[in-house]
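# Descriptive analysis of the structure
Read off the chains here:
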Amino acid sequence: MPSAALEAVRGAYVHVPFCDGKCHYCAFYSVPYARATAARWLRALAREMQPWRGARLQTIYIGGGTPSLLPPAQWDELAGLLRATFSISAGAEWSVETNPGSITPAGLRRMAAAGVNRISLGAQSFHDHELQLLGRRHGAADIARAAAAIRAAGIVNFNLDLLAGIPGSAPRDWRMSLHSALDLQPAHLSVYALTMEEGTRLAQLAGRHAVRLPDADAQLAALDTAEKILRRAGFARYEISNYARPGRACRHNLDCWRGKQYLGFGPAAASHVNRTRWQNRPDLPAYLAALENGGTPPRESEQLTPALARTERLIFGLRLAEGVSCRLATARHQTVLQRLTRAGLTRRRRGRWRLTRRGRELADYAAVELLE
């Protein structure tokens, strides 16, 4: 691999494709865990990573799937593979996604010993009936136990994921979930509006009118409630869906939004290096077969033009509260941004373009306008 490409990379994402059952709203690629298949996946990962040996990483993010499903020996193998392949900077951020139902104190201690210093915990709700509707395999009490185990392992930087707009959730239920999350003293909170993804169990239920998502106004009201409560608690909304205490923004995701370059490994993982973007096909059998036969994973790839790369940096940068430098915007972008300003969606201040509060609600519309 050319040294320029190696030097450009800042972070790596590892997709763990295994889970213990599909949540009703989830459209991410995953398959049931099997020890023998996971052993083959680890060997395939080593082959996929080999060309990038020596890359100096500032961040590592292990997601899925459910990474916390890996048993101790396979977790140790994965952590050892990362350390043997890459040069991991001192003070690097190392995140792992976990679920309250599969995390254990012993597993957390192993993660911490390997260098993991950030945990993202999929709470989603603090009401058992909502968790059951979502197809989660944990209860509200498990979230508190998991948070206590994370702290006991010495990992103080942890995130909680929450879903806004769960069918049947009353505003008081949502406020209770937010306050219950704050009681656990996380460093970071991700708040996502629940969406109906095609092919999911939740979408099937909606198609039969068994459940119904709140309308757009109710969704926006729930997100507005989250912002008010979390801001009062000392969290900054540094990205449309993400809140953090000072100094605790997710560095891996910040790098992606700021246009930094990253590698992805495993089925469905995406990479972006030197204006080349590729994504492995979400197909574990095909991934294993290709690498076991000395090939590369089946993937889709595209070479970004300088113009498209610049536009994407602008769009992703606008998701951040810090916005983007006006110098990044071309004359065409400036025209579009000025039109969006007249519509109340963007504003220009101190040499940077930012979305307004209304603009954050219509960020997808603003992105489409900038792309056209």
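For the structure, see preceding data.
The following refers to the structure shown. (Residues numbered from 1 in each chain as written. Predicted model: local features only at pLDDT ≥ 70, side-chain atom pairs only at ≥ 80, totals over all residues. Heavy atoms only, no water.)

Let's shift gears to the pairing of strand β6 (residues 118–124). Consecutive side chains along a regular strand alternate between the two faces of the sheet. Among the seven residues that make up β6, seven are buried, leaving the element largely enclosed by the rest of the structure. Because side chains alternate across β6, one face comprises the buried residues R118, S120, G122 and Q124, and the other comprises I119, L121 and A123, equally buried. Two elements, strand β5 (residues 87–98) and β6, share four bridges in a ladder whose sense is parallel. Each residue of the ladder has a partner; that of T98, found in β6, is L121. Where β6 and strand β7 (residues 158–164) come together, four bridges link them in parallel fashion. Along β7, the bridge assignment pairs Q124 with L162. (Buried < 20%, exposed > 50% of the residue type's maximum accessible area, 1.4 Å probe, protein only. Helix = DSSP H or I, 4+ residues; strand = E, 2+ residues; numbered from the N terminus. Pairing = 2+ DSSP bridges.)

The periodicity of an α-helix, 3.6 residues per turn, causes residues three or four positions apart to be oriented the same way. What helix α11 (residues 284–292) keeps buried is the set L284, A286, Y287, L288, A290 and L291. On the buried face of α11, the contacting elements are β2 (18–19), β3 (31–32), α2 (35–49) and β13 (276–280). For α11, the N-terminal capping position is held by D283, with its side-chain oxygen 3.1 Å away from the main-chain nitrogen of A286. Of the residues flanking the end of α11, it is G294, one or two places downstream, whose phi is positive at about 80°. (Contact = heavy atoms within 4.5 Å. Polar contact = N/O pair within 3.5 Å; in protein donor to acceptor, adjacent residues only side chain to side chain.)

With that settled, the discussion passes to the packing of helix α3 (residues 72–85) against helix α4 (residues 105–114). α4 packs onto α3 with a crossing angle of 15° between their chain directions and a minimal axis gap of 10 Å. By the angle between their axes, α3 is roughly parallel relative to α4. Considering only the axes of α3 and α4, their crossing is right-handed. Every residue of α4 that contacts α3 at P72, W75, D76, A79 and R83 is listed here: R110, M111 and A114. Tallied by class, the residues present in the contact of α3 with α4 amount to five nonpolar, no polar and three charged. (Axes fitted to C-alpha atoms, helices over the stretch in contact; angles between N-to-C directions. Parallel < 35°, antiparallel > 145°, perpendicular 65-115°, else oblique. Left-handed = near helix turned anticlockwise from the far one by under 90°. Nonpolar A, V, L, I, M, F, W, Y, C, P; charged D, E, K, R; others polar.)

Looking now at the packing of α2 against α11. Across the interface, α2 lies against α11 with an axial gap of 9 Å and an inter-helix angle of 55°. Viewed along their axes, α2 and α11 adopt a mutual orientation that is oblique. Crossing of α2 against α11: the hand is left-handed. Across from T37, R40, W41, A44, L45, R47 and E48 in α2, the residues of α11 making contact are L284, Y287, L288, L291 and E292.

Turning our eyes to something else, we now look at the pattern of salt bridges. Once their charged atoms are close, side chains differing in charge can pair, the charge on each being opposite to the other. Per the counting criterion, the structure on display carries 17 salt bridges. For R145, the salt bridge goes to D142, with nearest N and O atoms at 2.4 Å. With R145 and D142 both in helix α6 (residues 140–152), this residue pair falls three residues apart, about one helical turn. By relative accessible area, which is 53% here, R145 ends up exposed. R277 serves as the salt-bridge partner of E312, at 2.5 Å between the closest nitrogen and oxygen. One end of the pair, E312, is in helix α12 (residues 306–318); the other, R277, is in strand β13, with 35 residues separating them in the sequence. For E312, a relative accessible area of 15% corresponds to the buried category. For R277, a relative accessible area of 21% translates into the label partly exposed. (Salt bridge = Lys/Arg side-chain N within 4 Å of Asp/Glu carboxyl O.)

Okay, the nonpolar core next. Ranked by size, the top nonpolar core spans 71 residues in total, and within it W41, L45, I62, L78 and L160 carry the most contacts. Among the elements that take part in this core, α2 stands out by supplying six residues, more than any other. Of all hydrophobic cores here, the second largest spans 18 residues; its members include C326, A329, L337 and L355. (Core = buried A, V, L, I, M, F, W, Y, C linked by side-chain atoms within 4.5 Å.)

A separate point is the packing of aromatic side chains. Scanning all chains against the criterion turns up six aromatic pairs. Ring geometry for F18 and W41: centres 5.6 Å apart, planes at 90°, overall edge-to-face. Of this pair, F18 sits in strand β2 while W41 sits in helix α2, and the two are 23 residues apart along the sequence. With respect to class, F18 is no different from W41; both count as buried. With a centroid separation of 6.4 Å and 65° between ring planes, the pair formed by Y238 and W257 is classed as edge-to-face. One end of the pair, Y238, is in strand β9 (residues 236–239); the other, W257, is in helix α10 (residues 251–257), and 19 residues separate them in sequence. Y238 gets classed as buried once you look at its relative accessible area, which sits at 12%. (Phe/Tyr/Trp six-rings, centres within 6.5 Å; stacked < 30°, edge-to-face > 60°.)

Within the element layout of this structure, D255 appears in helix α10. Given the relative accessible area of 9%, D255 is considered buried. Sequence-distant contacts of D255, that is, excluding residues within four places in its chain, are made with R10, T59 and K260.

This part takes up the pairing of β7. Burial within β7 is extensive, with seven of its seven residues counted as buried. Because side chains alternate across β7, one face comprises the buried residues F158, L160, L162 and A164, and the other comprises N159, D161 and L163, equally buried. Note: β7 against strand β8 (residues 188–193), six bridges, orientation parallel. Looking across to β8, one finds that L163 is bridged to Y192. Regarding the hand of the β-α-β motif, the stretch spanning β7, helix α7 (residues 171–183) and β8 is right-handed. (Right-handed = clockwise from strand over helix to strand, strands pointing away.)

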